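# Architecture and fold: a report
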Amino acid sequence: MTASKTFRTIVLATGLLGGVSGAALAADLTIGVRAGPLSIDPDFTAAGTHAEAMKHIYDSLIKSGNNLELEPGLATSWTAIDDTTWEFKLRPNVKFHDGSDFTAEDVKFSIERIPKVAGPNPTTIYVRRVKGVEIVDPLTIRVKTDGPAPTLPNDFIRLFVVSHIAAKDYSDSAEKASEGFNSGKAAIGTGPYEFVSWTPKEQLVLQSFDGYWGGKEPWDKVIRKELPNDAARVAQLKAGQVDLIARIPASDVPTLETDSKLTIVRQDSVYLFNMAFDFREKSPQVSAKNGSPLPKNPFIDPRVREAFDLAIDRETITEIAMEGMGTVQSQLVTPNIFGYKPDVKPAPSNVEKAKKLLADAGYPDGFKVTFSFTNDRLPGDKDTGTTIAQMLTAIGIQVEANAQPGAVYFPANTRGDYSLTMSGWGTLTGEANYTLSSLVHTNDPTKKLGAFNIRGYSNPEMDKLIEAAGVEMDAGKREQYLKDANALVASDRPNLSIASIVSAWGMKKTINIVPRSDEDTLAMNIRPAK
């Protein structure tokens, strides 16, 4: 099924501009991406590839810069006027794609619709601190929070603003929202590109919005083609069927760098691979090697978790499995993130010590476990997971490697089907509390914390640090709480950080890209080469 709306005819008067190079003219841009949106409703899911596509159509209240710094978006300034109130001044003279004016009413509506329309991987994490929204005047809003909320501006980089007029009939449920947005009726934003059509799992077509407040884009039409197969994506670039591709496989980077028709750009990413242990008393995919049940879940014992940590040779993973396109990491966040603790180092591999720890924990012969990981979400995920599985066999663990597409892996993980997992995670807000509060705080719906901790991990000391950071308005004190929490993750090992990704883009010589550390591939960062 293809969702669409009327597409204006674009005519380039090439005959009148015969002396001007093609790169100087407005033109079309075709981008090959690994994955695309799951809906045209920006609030449907928090998945990074979804938000990446939505940024073309909808503006967020606060923008995230190329290195995740906070920048003015639809809000020109933000101020904490007391411990529980943030005031946002809104950008004047902004138009929606249908020509209507952007006002505070649209911001209030956009905040309040999220809990009603969020689907899997919910976007509610971005408004969990919001208690109420007050409109002061058409260009001023005040957001009341459930306590001091120092990171609300960071959360609001994912607060996409929709038209309260266009979306009013499509905001009561995820199903109703999908109907309105996917048809194009409600897909009215203030972003640099207008929605034209979307064929799920195939392509998203956009057209330049002439009335964009940030200035007209150089591309008349942008086509974002979903090419999940790495080889097919590279082949289309080499054949000239796309202008640029994202997430080049590591094995193809050296060859493509020698192609005189192409430019390759690399960037350190905030996405990193991490393993997660199940802490439930009855874990579904752990057993004795003969298949009989174990008396208890071995991952509850910290010695077992340390043994797994010591079994992993991260340098080998980055050099071999990730083919040089990875960086060893010791924490759930990368060094550019607020709250990273520089003196926490990764544990060096030590197989003999790992075996002794297992023996001391009562597993001298190891045990059997299914290790589940994605095989299509991030570059190198399948090879990294497979390599870790092989490393664990060296300490006596019988591992069944279970590589799954993200569409299978994430729902199964949310259901609690897995005992040992690995996937990618990126601290997209630039602040460690986003990650820590989601992954390693006790799952507590009343506090709206631990949303992605579905494996039963609970550490009161961890919770105390995360909660303190979540309400501390003093930046220096908040940073220390986050550093201490990152250090505790490293010592308690509910998760094992493996390595972050070095991402690569390939493009025709006629264009350039300014890369982002969150790996977003945005038409707004792509320009004709000078």
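Preceding this section is the structure that the text describes.
Let me begin by describing the structure that accompanies this report. (Residues numbered from 1 in each chain as written. Predicted model: local features only at pLDDT ≥ 70, side-chain atom pairs only at ≥ 80, totals over all residues. Heavy atoms only, no water.)

For the rest of this paragraph, the subject is the pattern of salt bridges. All told, the structure shown has 32 salt bridges when counted by the stated rule. Among the ionic pairs, Asp101 bridges to Lys95, the shortest N-O distance being 2.5 Å. Accessibility expressed as a relative area gives 35% for Lys95, which makes it partly exposed. One salt bridge in this structure joins Asp146 and Arg129, with 2.7 Å as the shortest N-O distance. Of this pair, Asp146 sits in the loop between β8 (140–145) and α3 (152–155) while Arg129 sits in the loop between α2 (104–117) and β7 (130–137); the two residues are 17 residues apart in sequence, bridging distant segments of the chain. (Salt bridge = Lys/Arg side-chain N within 4 Å of Asp/Glu carboxyl O. Buried < 20%, exposed > 50% of the residue type's maximum accessible area, 1.4 Å probe, protein only. Helix = DSSP H or I, 4+ residues; strand = E, 2+ residues; numbered from the N terminus.)

Turning our eyes to something else, we now look at the nonpolar core. Core analysis: the largest hydrophobic core is formed by 66 residues, its most contacted members being Phe308 and Phe367. Excluding anything up to four places from it in sequence, Phe367 contacts Val286, Ser287, Lys289, Leu294, Pro298, Phe299, Val304, Phe308, Leu358, Gly396, Ile397 and Gln398. Of all hydrophobic cores here, the second largest spans 35 residues; its members include Ile31, Val33, Phe109 and Tyr170. (Core = buried A, V, L, I, M, F, W, Y, C linked by side-chain atoms within 4.5 Å. Contact = heavy atoms within 4.5 Å.)

Okay, the packing of aromatic side chains next. Within the structure shown, the criterion is met by 17 aromatic pairs. The interplanar angle of 35 degrees and the centroid separation of 5.7 Å between the aromatic rings of Trp425 and Tyr434 together place this pair among those described as tilted. The same class applies to Trp425 as to Tyr434, namely buried. Lying across the ring of Tyr271, Arg247 places its NZ or CZ 5.7 Å from the centre. (Phe/Tyr/Trp six-rings, centres within 6.5 Å; stacked < 30°, edge-to-face > 60°. Lys NZ or Arg CZ within 6 Å of the ring centre and 35° of its normal.)

Next up on the list: the pairing of β8. Alignment of strand β6 (residues 85–90) against β8, held across five bridges, turns out to be antiparallel. When the sheet's bridge partners are listed, Lys89 is paired in β8 with Thr140. Counted along the chain from β7 to the antiparallel partner β8, the turn is two residues long. (Pairing = 2+ DSSP bridges.)

Right, let's talk about the side chain of Asn495 for a bit. Within the secondary structure, Asn495 sits in strand β19 (residues 495–508). A distance of 2.8 Å separates a polar atom in the side chain of Asn495 from a polar atom in the side chain of Asn274. Every residue in contact with Asn495, bar those within four places of it in the chain, is listed here: Asn274, Met275, Ala276, Leu332, Val440, Arg455 and Val489. (Polar contact = N/O pair within 3.5 Å; in protein donor to acceptor, adjacent residues only side chain to side chain.)

Glancing now at the packing of helix α7 (residues 302–311) against helix α9 (residues 351–360). Where α7 meets α9, the closest approach of the two axes is 8 Å, and the angle between their N-to-C directions is 160 degrees. Classified by the interaxial angle, the pair formed by α7 and α9 is roughly antiparallel. Crossing hand, α7 versus α9: left-handed. Contacts between α7 and α9 pair Arg303, Val304, Glu306, Ala307, Leu310 and Ala311 from the former with Val351, Lys353, Ala354, Leu357, Leu358 and Asp360 from the latter. Of the residues contributing to the contact of α7 with α9, the split by class is eight nonpolar, no polar and four charged. (Axes fitted to C-alpha atoms, helices over the stretch in contact; angles between N-to-C directions. Parallel < 35°, antiparallel > 145°, perpendicular 65-115°, else oblique. Left-handed = near helix turned anticlockwise from the far one by under 90°. Nonpolar A, V, L, I, M, F, W, Y, C, P; charged D, E, K, R; others polar.)

A word on the sheet that holds β6. Read from one edge of the open sheet, four strands run β5-β6-β8-β7, paired in antiparallel fashion. Strands with a single pairing partner mark the edges of an open sheet, and in this sheet they are β5 (75–82) and β7. Recorded for the sheet is a direction-independent mean angle of 20 degrees between the axes of neighbouring strands. As defined by bridge partners, β7 adjoins β8 across six bridges and the pair is classed as antiparallel. The partner of Val133 across the bridge, within β8, is Val143.

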